[in-house]
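Each chain is listed here by its residues.
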Amino acid sequence: MNDIKLALLGSQGAGKSAVLVRFLTRRFIGEYASNANSLYHKRLSIDGRQLNLEVFDPCSQSSEARCILEEPVDWADGFVVVYNISDRSSFIDAKNILLQIREARMENCKGEVEVPVCLVGNKQDLCHARQVCEAEGRCLAQEHRCHFQEVSAAESYQDISALFTQLIRQVMELLKYR
Ligand code: GDP
Ligand code: MG
């Protein structure tokens, strides 16, 4: 059985918990506890392989992304970095987080080992209030050589499921060589 650890990162209110709960339960509830770190467990099967998935969903903190990062950056095998397409400041936070993941991984024992990351532009349903165009998200992801997906945790399951599945496949591929 493979153990796979993922962490969600992104500014408060970007929709990290909503994206994760949508993936785990297929549902959108609307409001999510934000006063504590949560660790979710799920058994799932991908490509015929049984997996133990653990996902770290940090509590909402100030925009000091550094403190959000410290714990999960060493722990996780892969990251989902979430911003809100209708909030430019959350995109700026996502940019900083991507840089910090890169720096932290270089400083730490894992050296320059590639870390699977998916950049997620959430709240696609709020496109009437869009502050970050899709091309900007795509461009940032290219810079960091990571995947990119716009989603709406409020409205759909399919894209979210696809992005987690793709990320997990990438992690499984790397773990094979560890
Ligand atoms: P977190 O702080 O990053 O974990 O953000 P939450 O998951 O708690 O979501 C913050 C708020 O945004 C909540 O009120 C959610 O209901 C709302 N939200 C999350 N995802 C979406 C979405 O895709 N569309 C819309 N319209 N609202 C969303
Ligand atoms: Mg949350």
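Residues numbered from 1 in each chain as written. Chains lettered and ligands numbered in written order. Predicted model: local features only at pLDDT ≥ 70, side-chain atom pairs only at ≥ 80, totals over all residues. Heavy atoms only, no water.

A tally of regular secondary structure across the protein gives five helices and six strands. Along the protein, from the amino end to the carboxyl end, the secondary structure elements read β-α-β-β-α-β-α-β-α-β-α. Relative to its full complement of 178 residues, the protein shows a buried share of 47%. Sequence-distant contacts, at least 24 apart, represent 72% of the contacts inside the protein between residues at least 6 apart. For the protein, the accessible area works out to roughly 9,000 Å², and carbon and sulfur atoms hold 46% of it. (Helix = DSSP H or I, 4+ residues; strand = E, 2+ residues; numbered from the N terminus. Buried < 20%, exposed > 50% of the residue type's maximum accessible area, 1.4 Å probe, protein only. Contact = heavy atoms within 4.5 Å. Areas by Shrake-Rupley, 256 points an atom, 1.4 Å probe, with all protein chains shown as cover.)

The calculated volume of the largest pocket comes to roughly 460 Å³. Counting residues per element, the lining of the largest pocket draws most heavily on helix 1 (residues 16-25), which supplies four residues. Along the lines of polarity and charge, the residues of the lining of the largest pocket split into 13 nonpolar, ten polar and five charged. (1 Å grid on protein atoms, 1.4 Å probe; cavity = no way out; pocket = protein on both sides within 12 Å on 5 of 7 lines; lining within 4 Å. Points joined across faces, edges and corners; volume = space filled by probe spheres on them. Nonpolar A, V, L, I, M, F, W, Y, C, P; charged D, E, K, R; others polar.)

What follows deals with the site of ligand 1. Close to ligand 1 lie 20 residues, the nearest being Gly13, Lys16, Ala18, Gly30 and Asp125. Note that an oxygen atom of ligand 1 is positioned 2.2 Å from one of the backbone N or O atoms of Gly30. Taking 570 Å² as the accessible area of ligand 1 by itself, protein coverage stands at 85%. At a threshold of 2 Å from the grid points, most atoms of ligand 1 map onto the largest pocket. Here the element with the most residues in the shell around ligand 1 is helix 1; it accounts for three residues. (Near = heavy atom within 4 Å. Polar contact = N/O pair within 3.5 Å; in protein donor to acceptor, adjacent residues only side chain to side chain. Sits in = over half its atoms within 2 Å of the grid points.)

A few words on the side chain of Ser152. By the secondary structure assignment, Ser152 is in the loop between strand 6 (147-150) and helix 5 (158-175). With a relative accessible area of 5%, Ser152 lands in the buried category. A polar side-chain atom of Ser152 sits 2.7 Å from a polar atom in the side chain of Asp125.

The next point concerns unusual backbone geometry. Positive phi outside glycine occurs at Arg26, with the angle close to 70°. Looking at the element boundaries, Arg26 is found in the loop between helix 1 and strand 2 (38-46). Overall, the relative accessible area of 55% leaves Arg26 in the exposed class. A positive phi angle is found at Lys123, which is not glycine, with a value near 70°. As for its position among the elements, Lys123 is in the loop between strand 5 (117-122) and helix 4 (134-143). A relative accessible area of 22% means that Lys123 is categorised as partly exposed.

Before going further, it helps to spend a moment on the packing of helix 1 against helix 5. Relative orientation of the contacting elements helix 1 and helix 5 amounts to 85°, with a least axis distance of 9 Å. Looking at the two axes, helix 1 sits roughly perpendicular to helix 5. Across the interface between the two elements, Val19, Leu20, Arg22 and Phe23 from helix 1 touch Ile160, Ser161, Phe164 and Ile168 from helix 5. (Axes fitted to C-alpha atoms, helices over the stretch in contact; angles between N-to-C directions. Parallel < 35°, antiparallel > 145°, perpendicular 65-115°, else oblique.)

By size, the foremost hydrophobic cluster in this structure holds 27 residues, and its most contacted members are Ile4, Leu6, Phe23, Leu53, Val80, Phe164 and Ile168. Breaking this core down by element, the ones donating at least two residues are strand 1 (2-9), helix 1, strand 2, strand 3 (49-57), strand 4 (78-84), strand 5 and helix 5. Ranked by residues supplied to this core, first place goes to helix 5 with seven residues. For Leu53, the residues in contact, after removing those within four places along its chain, are Ile4, Leu6, Phe23, Tyr40, His41, Lys42, Leu44 and Ile168. (Core = buried A, V, L, I, M, F, W, Y, C linked by side-chain atoms within 4.5 Å.)

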